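Observations on the model geometry
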Amino acid sequence: MKKKNVAVAVFIFPAMALLIAFKIYPILSGIYESFFSYSFVNKATVFAGLKNYAEIFTDSTILNSIKVTLVFNVFVNPIQILLSFALALLLMVKLRGQRIFRTIHMIPVALSFTIACTLWGVLLSPDQGLMNSILNLFGIPAQSFLNDKSQALLWVIVLASWKGLGYWAVFFITGLEEVPAQLYEAASLDGAGYWQSLRYVTMPAMKRTFKFVVVSDTVSNFILFVPAYVLTGGGPDGATDFLMYRIYRMAYQYSNINLASAMIVVLLIILGSIVLIESFLLREREKR
């Protein structure tokens, strides 16, 4: 038994060392740094207590970033989950050339987020963008898109949904393929049509898949950063100033590492609370 324990420890140690070095230590270090601030009087980092956290909830720009992030997630998560599930159902239909369609739907996923944002920036350019050219064909006046405060967040939602649909559809396709065919045969014998089978057979059998996708999708969208960095710069007028982008600016543009660390802690608390609520609700549904 001792030899087996030693062997297990030898194999586990590298993974644990990497986990501690690149995950646990940065988190603990960030929490520690959040209780300090740089004093220009003493020209040194001094203990600040909860000063940084108080500033988070009194700074209008940070509060706006939290609001933008929450609003973005309220809309983008249901859109991505529902559309990716619908896409998975379509890709499960037995048609000639099914493999080709499954390959095409992965093109947005294969593109890096930076390249995808660059392509959408060209598409939505107010001056010579393809989207305005299409709108002009229908007599619709040119739009400002990402330069319009009322439209910018909407188009980031469209971009993020386009980028993520194929990725999450893969998990739904896997879940659909694992549903036993006997369940559909039994439902068919009972006179169930397509929608009845979808509701009473497919959906209950895929609860674990939905739980995984809902939680994972929430986490990935909550820390979204690239569209604001590449396309909008958080604008116009803070309309796309996501909390993760505000943290980046606070740390690397304003050189306020301590406040940025406090913002990360707040981000983790909000995200962790949402994930716990989602997990609890989905777990309760599973019991039913």
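Residues numbered from 1 in each chain as written. Predicted model: local features only at pLDDT ≥ 70, side-chain atom pairs only at ≥ 80, totals over all residues. Heavy atoms only, no water.

**Here's the deal with the packing of helix 3 (residues 60–91) against helix 13 (residues 243–252)**
Condition: Axis lines are fitted through C-alpha atoms, for helices just across the contact stretch, and the angle between N-to-C directions can take any value from 0 to 180 degrees. Numbering goes from the N terminus for both helices and strands, where a helix is a DSSP run of H or I of at least four residues and a strand is a run of E of at least two. Pairs of residues are marked as contacts when any of their non-hydrogen atoms sit within 4.5 Å. Three classes are used: nonpolar for Ala, Val, Leu, Ile, Met, Phe, Trp, Tyr, Cys and Pro, charged for Asp, Glu, Lys and Arg, and polar for all others, with Gly counted as polar.
At a minimum axis separation of 8 Å, helix 3 and helix 13 run at an interaxial angle of 150 degrees. Of the residues in helix 13, those touching helix 3 at T61, I62, S65, I66 and T69 are L243, R246 and M250. Of the residues that constitute the contact of helix 3 with helix 13, the class distribution is four nonpolar, three polar and one charged.

**Some words on the packing of helix 3 against helix 11 (residues 207–222)**
Defined as follows: Roughly parallel means an angle under 35 degrees; roughly antiparallel means over 145; roughly perpendicular covers 65 to 115; every other angle is labelled oblique. For any helix crossing, the convention is left-handed if the near helix is rotated counterclockwise from the far helix by under a right angle, and right-handed if that rotation is clockwise.
Their axes nearest at 10 Å, the elements helix 3 and helix 11 cross at an angle of 140 degrees. The orientation of helix 3 with respect to helix 11, classified from their angle, is oblique. In the packing of helix 3 onto helix 11, the handedness of the crossing is right-handed. Of the residues in helix 11, those in contact with T69, L70, F72, N73, V76, N77, Q80, I81 and F85 of helix 3 are F210, V213, V214, D217, T218, N221 and F222. Residues belonging to the contact of helix 3 with helix 11 are distributed by class as follows: nine nonpolar, six polar and one charged.

**Let's talk about the environment of A88**
What counts is decided by this rule: Burial here depends on accessible area, computed with a 1.4 Å probe over protein chains only, as a share of the maximum for the residue type. Under 20% is buried, over 50% is exposed, and the range in between is partly exposed.
Secondary-structure assignment places A88 in helix 3. On the basis of relative accessibility, which here comes to 0%, the residue A88 falls in the buried class.

**Remarks on the nonpolar core**
Rules: Nonpolar core, defined: a set of buried Ala, Val, Leu, Ile, Met, Phe, Trp, Tyr and Cys residues in which side-chain atoms within 4.5 Å join the residues together.
Ranked by internal contacts, the top residues of the largest apolar core, which has 20 residues, are F72, L124, F145, L153, W155, V156 and F242. Of all the secondary-structure elements, those providing two or more residues to this core are helix 3, helix 6 (113–123), helix 7 (130–137) and helix 8 (152–177). The element contributing the most residues to this core is helix 8, with six residues. Once residues lying within four places of it in the same chain are set aside, the contact partners of F242 are S65, V68, T69, F72, L153, V156, L224 and A228.

Treat this as a map of the structure, not an account of what it does.
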